[in-house]
Amino acid sequence: MSRSRIFSEVDFDKEGKQSGFLRLPHSVHRSAYGWLPIPITCIKNGSGPTVLLSSGNHGDEYEGQVTLMKLTRRLRPADVKGRIIILSAANFPAAMAGMRTSPIDDGNLNRSFPGDPNGRPTAMIAHFIETVLLPMVDVAVDLHSGGSSLMYIPSCLARRPSDPAQRARTIAMMRAFGTPIAMMFDMPQGEDRTLSGAAERVGVGLNMGTELGGTGTVTKSVLAYAEQGVARLLDHFGVLTRPLTDAKPGPTRFLAVRGAPDYCYAPDTGLFEPFVELGDTVAPGQAAGAVHFPDTPWREPTIAHFENGGLVICKRIPGRIERGDCLFHLGSDYDEG
Ligand SMILES: [Zn+2]
(Lines give C-alpha, C1' and ligand atoms only; values in the text may rest on other atoms or scores of the structure.)
Protein backbone atom coordinates (compact mmCIF):
# COMPACT_ATOMS: atom_id res chain seq x y z
CA MET A 1 0.00 0.00 0.00
CA SER A 2 1.63 3.23 -1.12
CA ARG A 3 -1.54 5.32 -1.45
CA SER A 4 -2.60 7.42 1.48
CA ARG A 5 -5.24 5.92 3.77
CA ILE A 6 -6.36 9.45 4.68
CA PHE A 7 -9.70 10.38 3.12
CA SER A 8 -10.37 14.03 2.33
CA GLU A 9 -13.90 15.34 2.78
CA VAL A 10 -12.81 18.29 0.65
CA ASP A 11 -12.73 17.86 -3.15
CA PHE A 12 -9.73 19.90 -4.25
CA ASP A 13 -10.98 20.09 -7.86
CA LYS A 14 -14.31 21.63 -6.93
CA GLU A 15 -14.97 25.35 -7.44
CA GLY A 16 -15.93 27.44 -4.42
CA LYS A 17 -15.06 27.31 -0.74
CA GLN A 18 -15.13 24.04 1.17
CA SER A 19 -14.13 23.28 4.74
CA GLY A 20 -14.00 19.78 6.19
CA PHE A 21 -11.72 17.16 7.58
CA LEU A 22 -8.96 14.92 6.43
CA ARG A 23 -10.07 11.63 8.02
CA LEU A 24 -7.07 9.78 9.38
CA PRO A 25 -8.11 6.22 10.33
CA HIS A 26 -7.35 5.76 14.02
CA SER A 27 -8.64 2.57 15.58
CA VAL A 28 -8.23 2.71 19.35
CA HIS A 29 -9.80 1.35 22.52
CA ARG A 30 -12.36 4.13 22.89
CA SER A 31 -13.24 4.25 19.17
CA ALA A 32 -12.82 1.08 17.14
CA TYR A 33 -13.68 2.54 13.72
CA GLY A 34 -12.75 6.15 14.43
CA TRP A 35 -10.70 8.73 12.59
CA LEU A 36 -8.73 11.84 13.56
CA PRO A 37 -10.35 14.98 12.10
CA ILE A 38 -7.63 17.20 10.57
CA PRO A 39 -9.32 20.44 9.47
CA ILE A 40 -8.67 21.67 5.93
CA THR A 41 -10.13 24.39 3.71
CA CYS A 42 -9.91 24.78 -0.05
CA ILE A 43 -10.95 27.94 -1.86
CA LYS A 44 -10.95 27.60 -5.64
CA ASN A 45 -12.04 30.08 -8.23
CA GLY A 46 -11.15 29.67 -11.91
CA SER A 47 -7.59 29.32 -13.12
CA GLY A 48 -4.46 30.54 -11.39
CA PRO A 49 -1.75 29.22 -9.13
CA THR A 50 -2.36 26.82 -6.25
CA VAL A 51 -0.96 27.92 -2.89
CA LEU A 52 -0.70 25.67 0.17
CA LEU A 53 -0.59 27.50 3.51
CA SER A 54 0.21 25.34 6.54
CA SER A 55 0.73 25.83 10.26
CA GLY A 56 0.51 23.66 13.35
CA ASN A 57 3.21 21.44 11.87
CA HIS A 58 4.53 21.91 15.39
CA GLY A 59 1.50 22.16 17.66
CA ASP A 60 2.97 24.70 20.11
CA GLU A 61 3.67 27.34 17.44
CA TYR A 62 0.59 29.50 17.57
CA GLU A 63 1.15 32.65 15.48
CA GLY A 64 0.73 30.81 12.18
CA GLN A 65 -2.29 28.89 13.45
CA VAL A 66 -4.11 32.07 14.51
CA THR A 67 -3.21 33.72 11.19
CA LEU A 68 -4.53 30.82 9.12
CA MET A 69 -7.70 30.32 11.19
CA LYS A 70 -8.57 34.00 10.62
CA LEU A 71 -7.75 33.69 6.92
CA THR A 72 -9.88 30.53 6.65
CA ARG A 73 -12.93 32.47 7.82
CA ARG A 74 -12.15 35.61 5.83
CA LEU A 75 -11.44 34.36 2.31
CA ARG A 76 -14.33 34.18 -0.16
CA PRO A 77 -14.18 32.51 -3.57
CA ALA A 78 -14.48 35.97 -5.15
CA ASP A 79 -11.19 36.95 -3.44
CA VAL A 80 -9.32 34.08 -5.12
CA LYS A 81 -7.94 33.61 -8.63
CA GLY A 82 -6.72 30.01 -8.62
CA ARG A 83 -6.72 27.87 -5.48
CA ILE A 84 -5.71 28.35 -1.85
CA ILE A 85 -5.48 25.30 0.42
CA ILE A 86 -5.24 26.02 4.15
CA LEU A 87 -4.01 23.36 6.57
CA SER A 88 -3.88 25.27 9.85
CA ALA A 89 -3.34 22.32 12.24
CA ALA A 90 -1.09 20.08 10.15
CA ASN A 91 -0.13 17.80 13.02
CA PHE A 92 -3.64 17.94 14.47
CA PRO A 93 -3.04 15.85 17.64
CA ALA A 94 0.00 18.02 18.48
CA ALA A 95 -1.95 21.23 17.82
CA MET A 96 -4.82 20.12 20.08
CA ALA A 97 -2.33 19.26 22.83
CA GLY A 98 -0.32 22.49 22.38
CA MET A 99 2.79 20.40 21.98
CA ARG A 100 5.61 20.35 19.46
CA THR A 101 5.13 16.64 18.92
CA SER A 102 2.07 14.41 18.75
CA PRO A 103 0.91 12.96 22.10
CA ILE A 104 -0.35 9.92 20.17
CA ASP A 105 2.94 8.71 18.73
CA ASP A 106 5.53 11.27 19.89
CA GLY A 107 5.93 12.18 16.22
CA ASN A 108 7.61 15.40 15.14
CA LEU A 109 5.89 16.09 11.81
CA ASN A 110 8.77 18.21 10.54
CA ARG A 111 11.14 15.26 11.01
CA SER A 112 8.73 12.73 9.49
CA PHE A 113 8.77 13.35 5.73
CA PRO A 114 8.45 11.53 3.36
CA GLY A 115 6.26 9.67 5.85
CA ASP A 116 4.57 6.32 5.59
CA PRO A 117 0.98 5.50 4.52
CA ASN A 118 1.05 2.49 6.87
CA GLY A 119 2.85 4.18 9.74
CA ARG A 120 1.70 5.94 12.90
CA PRO A 121 -0.51 9.06 12.57
CA THR A 122 2.33 11.58 12.23
CA ALA A 123 3.98 9.52 9.48
CA MET A 124 0.60 9.16 7.72
CA ILE A 125 0.09 12.95 7.79
CA ALA A 126 3.58 13.55 6.36
CA HIS A 127 2.92 11.02 3.61
CA PHE A 128 -0.43 12.64 2.75
CA ILE A 129 1.12 16.10 2.52
CA GLU A 130 4.01 14.85 0.36
CA THR A 131 2.05 12.58 -1.99
CA VAL A 132 -1.39 14.25 -2.20
CA LEU A 133 -1.15 17.95 -1.31
CA LEU A 134 2.29 19.03 -2.52
CA PRO A 135 1.97 17.58 -6.05
CA MET A 136 -1.07 19.88 -6.54
CA VAL A 137 0.62 23.12 -5.55
CA ASP A 138 2.81 25.77 -7.13
CA VAL A 139 3.75 27.41 -3.83
CA ALA A 140 4.02 26.03 -0.28
CA VAL A 141 4.34 28.26 2.79
CA ASP A 142 4.80 26.52 6.16
CA LEU A 143 4.39 28.85 9.14
CA HIS A 144 6.59 28.02 12.13
CA SER A 145 7.79 29.92 15.18
CA GLY A 146 10.11 29.25 18.08
CA GLY A 147 7.61 27.03 19.89
CA SER A 148 7.70 26.56 23.65
CA SER A 149 11.44 26.85 24.21
CA LEU A 150 12.69 29.45 21.72
CA MET A 151 12.01 33.05 20.73
CA TYR A 152 12.94 34.37 17.28
CA ILE A 153 13.17 37.82 15.79
CA PRO A 154 10.29 37.46 13.27
CA SER A 155 11.89 35.73 10.30
CA CYS A 156 11.19 33.91 7.09
CA LEU A 157 13.50 31.28 5.67
CA ALA A 158 14.16 29.49 2.43
CA ARG A 159 16.80 27.32 0.93
CA ARG A 160 19.09 29.27 -1.39
CA PRO A 161 18.42 28.06 -4.95
CA SER A 162 21.55 27.64 -7.08
CA ASP A 163 19.72 28.87 -10.20
CA PRO A 164 19.96 32.71 -10.31
CA ALA A 165 16.42 33.24 -11.70
CA GLN A 166 14.94 30.95 -9.06
CA ARG A 167 17.03 32.71 -6.41
CA ALA A 168 15.65 36.09 -7.51
CA ARG A 169 12.08 34.74 -7.23
CA THR A 170 12.84 33.41 -3.75
CA ILE A 171 14.29 36.72 -2.60
CA ALA A 172 11.30 38.65 -4.04
CA MET A 173 8.93 36.31 -2.16
CA MET A 174 10.77 36.88 1.11
CA ARG A 175 10.76 40.65 0.62
CA ALA A 176 7.01 40.51 0.03
CA PHE A 177 6.55 38.63 3.31
CA GLY A 178 8.38 41.51 4.96
CA THR A 179 9.70 40.20 8.28
CA PRO A 180 12.74 41.99 9.77
CA ILE A 181 14.91 38.92 9.04
CA ALA A 182 15.09 36.60 6.04
CA MET A 183 17.31 33.55 6.47
CA MET A 184 18.89 31.89 3.45
CA PHE A 185 20.36 28.49 4.11
CA ASP A 186 22.17 26.01 1.95
CA MET A 187 21.63 22.75 3.78
CA PRO A 188 20.82 23.15 7.47
CA GLN A 189 22.35 20.17 9.21
CA GLY A 190 21.46 18.00 6.21
CA GLU A 191 17.78 18.06 7.20
CA ASP A 192 15.43 16.87 4.46
CA ARG A 193 12.68 15.33 6.63
CA THR A 194 10.86 18.69 6.75
CA LEU A 195 7.84 19.92 4.79
CA SER A 196 10.24 22.20 2.89
CA GLY A 197 12.41 19.20 2.07
CA ALA A 198 9.30 17.39 0.84
CA ALA A 199 8.33 20.38 -1.32
CA GLU A 200 11.77 20.29 -2.93
CA ARG A 201 11.52 16.55 -3.59
CA VAL A 202 8.12 17.00 -5.19
CA GLY A 203 9.35 19.94 -7.29
CA VAL A 204 7.10 22.67 -5.86
CA GLY A 205 8.15 25.87 -7.66
CA LEU A 206 8.46 28.09 -4.60
CA ASN A 207 8.51 27.19 -0.95
CA MET A 208 9.17 29.17 2.17
CA GLY A 209 9.08 28.74 5.92
CA THR A 210 8.91 31.16 8.80
CA GLU A 211 10.15 31.48 12.37
CA LEU A 212 7.72 34.07 13.62
CA GLY A 213 8.24 34.47 17.33
CA GLY A 214 7.66 31.74 19.85
CA THR A 215 7.72 30.99 23.56
CA GLY A 216 4.36 29.28 23.24
CA THR A 217 2.47 32.55 22.98
CA VAL A 218 1.00 35.06 20.53
CA THR A 219 1.82 38.76 20.62
CA LYS A 220 0.04 41.50 18.73
CA SER A 221 3.19 42.71 16.97
CA VAL A 222 4.37 39.26 15.81
CA LEU A 223 0.85 38.37 14.68
CA ALA A 224 0.77 41.55 12.59
CA TYR A 225 3.92 40.40 10.76
CA ALA A 226 2.32 37.01 10.15
CA GLU A 227 -1.06 38.28 8.97
CA GLN A 228 0.22 41.08 6.78
CA GLY A 229 3.04 38.88 5.46
CA VAL A 230 0.66 36.10 4.40
CA ALA A 231 -1.75 38.62 2.84
CA ARG A 232 1.09 40.23 0.85
CA LEU A 233 2.44 36.83 -0.20
CA LEU A 234 -0.92 35.74 -1.64
CA ASP A 235 -1.08 38.96 -3.64
CA HIS A 236 2.56 38.48 -4.69
CA PHE A 237 1.78 34.97 -5.97
CA GLY A 238 -1.11 36.32 -8.08
CA VAL A 239 -3.76 34.19 -6.40
CA LEU A 240 -5.96 37.11 -5.25
CA THR A 241 -8.46 39.22 -7.18
CA ARG A 242 -7.79 42.15 -4.84
CA PRO A 243 -5.18 42.79 -2.13
CA LEU A 244 -6.12 41.78 1.42
CA THR A 245 -3.89 44.44 2.98
CA ASP A 246 -2.47 47.79 2.02
CA ALA A 247 0.29 47.53 4.63
CA LYS A 248 3.69 47.80 2.96
CA PRO A 249 6.49 45.39 3.92
CA GLY A 250 9.16 46.76 6.21
CA PRO A 251 12.88 46.44 5.46
CA THR A 252 14.19 42.88 5.49
CA ARG A 253 17.76 42.00 6.45
CA PHE A 254 19.00 38.94 4.59
CA LEU A 255 21.15 36.58 6.63
CA ALA A 256 22.99 33.39 5.81
CA VAL A 257 22.65 30.45 8.16
CA ARG A 258 25.73 28.31 7.91
CA GLY A 259 24.80 25.22 9.86
CA ALA A 260 26.01 23.85 13.19
CA PRO A 261 28.61 26.54 14.11
CA ASP A 262 25.84 29.16 14.05
CA TYR A 263 24.08 27.33 16.92
CA CYS A 264 25.20 27.70 20.55
CA TYR A 265 24.36 24.79 22.84
CA ALA A 266 24.25 24.37 26.62
CA PRO A 267 27.60 22.94 27.76
CA ASP A 268 26.16 21.77 31.08
CA THR A 269 22.89 21.23 32.98
CA GLY A 270 21.64 23.91 35.35
CA LEU A 271 20.26 27.44 35.44
CA PHE A 272 21.00 29.69 32.47
CA GLU A 273 22.22 33.29 32.70
CA PRO A 274 22.33 34.84 29.20
CA PHE A 275 25.10 37.37 28.44
CA VAL A 276 23.46 38.59 25.20
CA GLU A 277 19.95 39.17 23.90
CA LEU A 278 18.02 38.96 20.63
CA GLY A 279 19.34 41.49 18.12
CA ASP A 280 22.86 41.65 19.61
CA THR A 281 25.87 41.18 17.36
CA VAL A 282 28.47 38.77 18.72
CA ALA A 283 32.07 37.88 17.83
CA PRO A 284 33.49 34.38 17.26
CA GLY A 285 34.43 32.82 20.59
CA GLN A 286 32.45 35.38 22.62
CA ALA A 287 30.93 34.22 25.92
CA ALA A 288 27.20 33.54 25.41
CA GLY A 289 26.12 32.87 28.97
CA ALA A 290 26.75 31.05 32.23
CA VAL A 291 25.32 27.80 33.55
CA HIS A 292 24.82 27.96 37.33
CA PHE A 293 24.36 24.93 39.58
CA PRO A 294 21.52 25.26 42.12
CA ASP A 295 22.59 22.06 43.89
CA THR A 296 26.19 23.31 44.37
CA PRO A 297 25.93 27.12 44.42
CA TRP A 298 29.61 27.48 45.45
CA ARG A 299 30.72 25.84 42.21
CA GLU A 300 31.99 28.17 39.47
CA PRO A 301 29.50 28.38 36.56
CA THR A 302 30.28 26.80 33.20
CA ILE A 303 30.52 29.38 30.42
CA ALA A 304 28.94 28.79 27.00
CA HIS A 305 30.69 30.34 23.99
CA PHE A 306 29.66 31.21 20.45
CA GLU A 307 31.61 29.39 17.78
CA ASN A 308 30.76 31.75 14.90
CA GLY A 309 30.05 35.46 15.12
CA GLY A 310 26.85 37.06 13.85
CA LEU A 311 23.47 38.45 14.76
CA VAL A 312 21.54 36.76 17.57
CA ILE A 313 18.18 35.90 15.94
CA CYS A 314 16.95 33.18 18.30
CA LYS A 315 17.18 32.70 22.06
CA ARG A 316 16.16 29.97 24.48
CA ILE A 317 13.60 31.32 26.96
CA PRO A 318 13.15 28.77 29.83
CA GLY A 319 15.80 29.31 32.51
CA ARG A 320 16.41 25.65 33.25
CA ILE A 321 18.72 24.06 30.69
CA GLU A 322 20.21 20.66 30.02
CA ARG A 323 23.44 19.89 28.21
CA GLY A 324 22.65 19.89 24.49
CA ASP A 325 19.79 22.42 24.61
CA CYS A 326 20.00 25.14 21.97
CA LEU A 327 20.66 28.49 23.70
CA PHE A 328 21.14 30.81 20.73
CA HIS A 329 21.12 30.71 16.96
CA LEU A 330 22.98 33.21 14.79
CA GLY A 331 22.74 34.53 11.27
CA SER A 332 25.44 36.37 9.35
CA ASP A 333 25.02 38.98 6.64
CA TYR A 334 24.16 37.30 3.39
CA ASP A 335 26.68 37.77 0.60
CA GLU A 336 25.26 36.84 -2.80
CA GLY A 337 28.81 36.51 -4.13
ZN1 LIG B 1 8.32 24.57 14.06
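Small disclaimer: the values here were computed from a predicted structure and weren't measured.

Enquirer: I keep staring at the sheet that holds strand β16 (residues 302-305) and nothing clicks. Help me out?
Expert: Hydrogen bonds along the backbone pair up the strands of a sheet, which may run parallel or antiparallel. Strand order in the open sheet made by the 4 strands is β16-β15-β13-β18, with antiparallel pairing throughout. Single-partner strands in this sheet number two, and they are β16 and β18 (320-321). Where strand β13 (residues 270-274) meets β18, 2 bridges bridge the pair, whose relative direction is antiparallel. By the bridge assignment, Gly270 is partnered in β18 with Ile321.

Enquirer: Help me understand the coordination of the zinc ion, please; the structure alone is not making it clear to me.
Expert: Six octahedral donors at a metal ideally form angles of 90 or 180 degrees, and four tetrahedral donors ideally form angles of 109.5 degrees. All of the protein donors around the zinc ion are His58 (ND1), Glu61 (OE), Glu61 (OE) and His144 (ND1); their distances to the metal are 2.0 to 2.3 Å. Bound by 4 donor atoms, the zinc ion shows angles of 58 to 146 degrees at the metal and therefore irregular coordination geometry. Each donor residue of the zinc ion lies on the same chain, and together they follow the pattern H-x2-E-x82-H. With relative accessibility at 3%, the residue His58 sits in the buried group. Judged by relative accessible area, which is 2%, Glu61 ranks as buried.

Enquirer: Teacher, can you tell me more about the nonpolar core here?
Expert: Note that soluble globular proteins tend to have their nonpolar side chains buried in a common cluster. Ranked by size, the top nonpolar core spans 37 residues in total, and within it Leu53, Leu71, Ile84 and Leu234 carry the most contacts. A total of 6 residues in this core trace back to one element, the largest contributor, which is helix α6 (residues 220-236). In this structure, Ile84 is in contact with Thr41, Cys42, Ile43, Val51, Leu53, Leu75, Leu234, Val239 and Leu240, ignoring residues within four places of it in sequence. Grouped together as the second largest cluster of nonpolar side chains are 31 residues, Phe12, Ile125, Ile129 and Ala140 included.

Enquirer: Please clarify how the pairing of strand β6 (residues 139-144) should be interpreted in this entry.
Expert: Regular strands place side chains that alternate from one sheet face to the opposite one. Within β6, 6 of the 6 residues are buried, which leaves it mostly tucked inside the rest of the structure. Note: strand β4 (residues 50-54) against β6, 4 bridges, orientation parallel. Within the sheet, the bridge partner assigned to Leu53 lies in β6 and is Val141. Two strands pair when backbone bridges link them, and β6 and strand β10 (residues 206-211) are joined in this way by 6 bridges, in the parallel orientation. In the sheet register, Leu143 faces β10, and the bridge partner there is Thr210.

About the cut-offs
Residues numbered from 1 in each chain as written. Predicted model: local features only at pLDDT ≥ 70, side-chain atom pairs only at ≥ 80, totals over all residues. Heavy atoms only, no water. Pairing = 2+ DSSP bridges. Helix = DSSP H or I, 4+ residues; strand = E, 2+ residues; numbered from the N terminus. Donors = N, O, S within 2.8 Å, 3.2 Å for Na, K, Ca; no water. Tetrahedral: all angles 85-135°; square planar, octahedral: opposite > 155°, others 65-115°. Buried < 20%, exposed > 50% of the residue type's maximum accessible area, 1.4 Å probe, protein only. Core = buried A, V, L, I, M, F, W, Y, C linked by side-chain atoms within 4.5 Å. Contact = heavy atoms within 4.5 Å.

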